[in-house]
Amino acid sequence: METKNISQIRILFVCLGNICRSPIAEATFKHLVKTQNMLHLFEIDSAGTAGYHVGELADPRTRKVAESVGLELDHLSRQFKMEDFERFDYILAMDKSNAQGLSNLARNREQIAKISLFRAYEKEARSLEVPDPYYGDTAAFIKVQSIVEHASKSFLNFLIKKHGLAYK
Ligand code: 4NP
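Values in this document were obtained by computation on a predicted structure and should not be read as measured data. What you see as residue numbers is a count from 1 along each chain, following the sequence as written. Restriction of local features to residues with pLDDT of at least 70 applies here, the model being predicted, together with a cutoff of 80 or more for giving and counting side-chain atom pairs; totals for whole chains, interfaces and linings are based on all residues. With hydrogens and water stripped out, all remaining heavy atoms of the structure feed into the side-chain values.

**Some remarks on the packing of helix α1 (residues 21-35) against helix α6 (residues 138-163)**
Part 1: α6 packs onto α1 with a crossing angle of 50 degrees between their chain directions and a minimal axis gap of 9 Å. When the axis of α1 is compared with that of α6, the two are oblique. Pair α1 / α6 crosses with right-handed handedness. On α6, the residues that touch Arg21, Ile24, Ala25, Thr28, Phe29, Leu32 and Val33 of α1 are Val144, Gln145, Val148, Glu149, Ser152, Lys153, Phe155, Leu156 and Leu159.
Part 2: As a working rule, the residues Ala, Val, Leu, Ile, Met, Phe, Trp, Tyr, Cys and Pro are called nonpolar, Asp, Glu, Lys and Arg charged, and the rest polar, with Gly in that last group. For the contact of α1 with α6, the per-class residue count stands at ten nonpolar, three polar and three charged. A fitted line through C-alpha atoms serves as each axis, taken over the contacting stretch for helices, and the angle formed by two N-to-C directions is quoted from 0 to 180°. Only runs of H or I of at least four residues qualify as helices and only runs of E of at least two qualify as strands under DSSP, and these elements are numbered from the N terminus. Under this scheme an angle from 65 to 115 degrees is roughly perpendicular, one under 35 degrees roughly parallel, and one over 145 degrees roughly antiparallel; angles in between are oblique. Left-handed describes a crossing in which the near helix is turned anticlockwise from the far one by less than a right angle; the clockwise case is right-handed. We call two residues in contact when some of their heavy atoms are within 4.5 Å.

Structure, rendered in structure tokens:
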């Protein structure tokens with residue numbers, strides 16, 4: 001099948017520290033679009049609203065869970081910057097606090113309009129948030145992996161419909 005000739009869709013996943021939730025969301029979504037031969041249609045990145053862990057690899061607990069589903073996380077933590085509002089089309093917050101932090105930084109309606117909760121695209125989500133696992137146990141990290149896998153599929157389905165994407 002042919003792919004429609006559209007420019008890349010730029011997606012930024014955002015959490016607090018950019019070492020637990022958003023790096024695994026980034027890698028999960030990247031892997032998903034790759035399996036659908038759609039990687040060339042996207043620019044995908046992640047960032048944190050805070051700079052506590054800038055330059056660090058994802059948390060070892062996140063990397064372990066990612067590895068268990070075949071994902072290798074090589075992203076280095078970075079803090080969200082104002083230019084990200086211009087660069088990215090979709091700025092996907094992992095929880096409401098992250099979304100609020102981003103909204104506080106936004107300077108205009110266009111920037112506000114780019115912010116949404118990652119789970120808002122799931123039709124049957126019981127919660128709209130990807131819960132912060134940082135102070136949690138292994139189960140909390142496993143849960144994050146499962147949530148972002150499901151949310152990635154929902155978000156890609158949304159994009160396919162909204163932008164008329166087709167499989168290559
Ligand atoms: P993340 O998790 O926002 O999913 O990367 C956290 C990472 C670090 C901290 C909090 C949450 N921290 O307080 O350092």
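**Structural notes on helix α4 (residues 96-105)**
Part 1: Only protein chains enter the area calculation, which uses a 1.4 Å probe; residues under 20% of their type maximum are buried, those over 50% are exposed, and those in between are partly exposed. Of the positions making up α4, those classed as buried are Asn98, Ala99 and Leu102. Viewed end-on, α4 has its buried residues packed into an arc of 100 degrees, placing them on one side of the element. Facing away from the buried side of α4 by more than 90 degrees, the exposed set consists of Ser97 and Asn104.
Part 2: The elements touched by buried residues of α4 are β1 (9-15), α1, α3 (83-87), β3 (90-93) and β4 (115-117). Note: the arc covers the axis-to-C-beta directions of the helix.

**Brief notes about the UniProt feature "domain: Phosphotyrosine protein phosphatase I" (unreviewed entry) in the protein**
Part 1: UniProt positions are given in the numbering used here, feature names are shortened, and annotations may be inferred rather than shown by experiment. Under the UniProt annotation, "domain: Phosphotyrosine protein phosphatase I" (unreviewed entry) lies at residues 9-158.
Part 2: Here residues 9-158 is 44% helix and 14% strand, with 13 Å between the C-alpha atoms at its ends.

**Thoughts on the sheet that holds β1**
Part 1: Here the rule is simple: two strands pair whenever DSSP picks up at least two bridges between them. Pairing is parallel across the open sheet formed by four strands, whose spatial order is β2-β1-β3-β4. Taken across any chain shown, the strands that pair with only one partner, and hence form the sheet edges, are β2 (42-48) and β4. Between one strand axis and the next, the sheet turns by 25 degrees as a mean value, whatever way the strands run.
Part 2: Together, β1, β3 and β4 form the strand contacts of α4, whose direction differs from that of β4 by roughly 175 degrees.
Part 3: Here α6 sits on the sheet and contacts β1, β2 and β3; the angle it forms with β3, its principal contact strand, is near 155 degrees.

**Notes on the UniProt feature "active site" (unreviewed entry) in the protein**
Part 1: In the numbering used here, UniProt assigns the "active site" (unreviewed entry) feature to Cys15, Arg21 and Asp132. Look at the named residues: they lie 118 residues apart in sequence, but the longest C-alpha span between them is just 8.5 Å, so in the fold they bunch up.
Part 2: Inspection of the secondary structure assignment puts Arg21 in helix α1.
Part 3: Judged by its relative accessible area of 2%, Arg21 falls in the buried class.
Part 4: With respect to the secondary-structure elements, Asp132 resides in the loop between β4 and α6.

**Let's talk about the site of the ligand**
Part 1: For this purpose, a residue is taken to be near a molecule or strand whenever a single non-hydrogen atom of the residue falls within 4 Å of it. Near the ligand the following residues occur: Cys15, Leu16, Gly17, Asn18, Ile19, Cys20, Arg21, Tyr52, His53, Asp132, Tyr134 and Tyr135.
Part 2: N or O atoms closer than or at 3.5 Å make up a polar contact, with two conditions inside protein: a donor-capable atom paired with an acceptor-capable one, and, for residues adjacent in sequence, both atoms drawn from side chains. The contact in question runs from an oxygen atom of the ligand to an N or O atom on the backbone of Ile19, over 3.0 Å.
Part 3: Within the backbone of Cys20, a nitrogen or oxygen atom sits 2.9 Å from an oxygen atom of the ligand.
Part 4: Contact with the protein chains covers 93% of the free accessible surface of the ligand, which is 360 Å².
Part 5: Tallied by class, residues from the shell around the ligand come to seven nonpolar, three polar and two charged. Note on areas: Shrake-Rupley with a 1.4 Å probe; residue coverage comes only from the protein chains shown.

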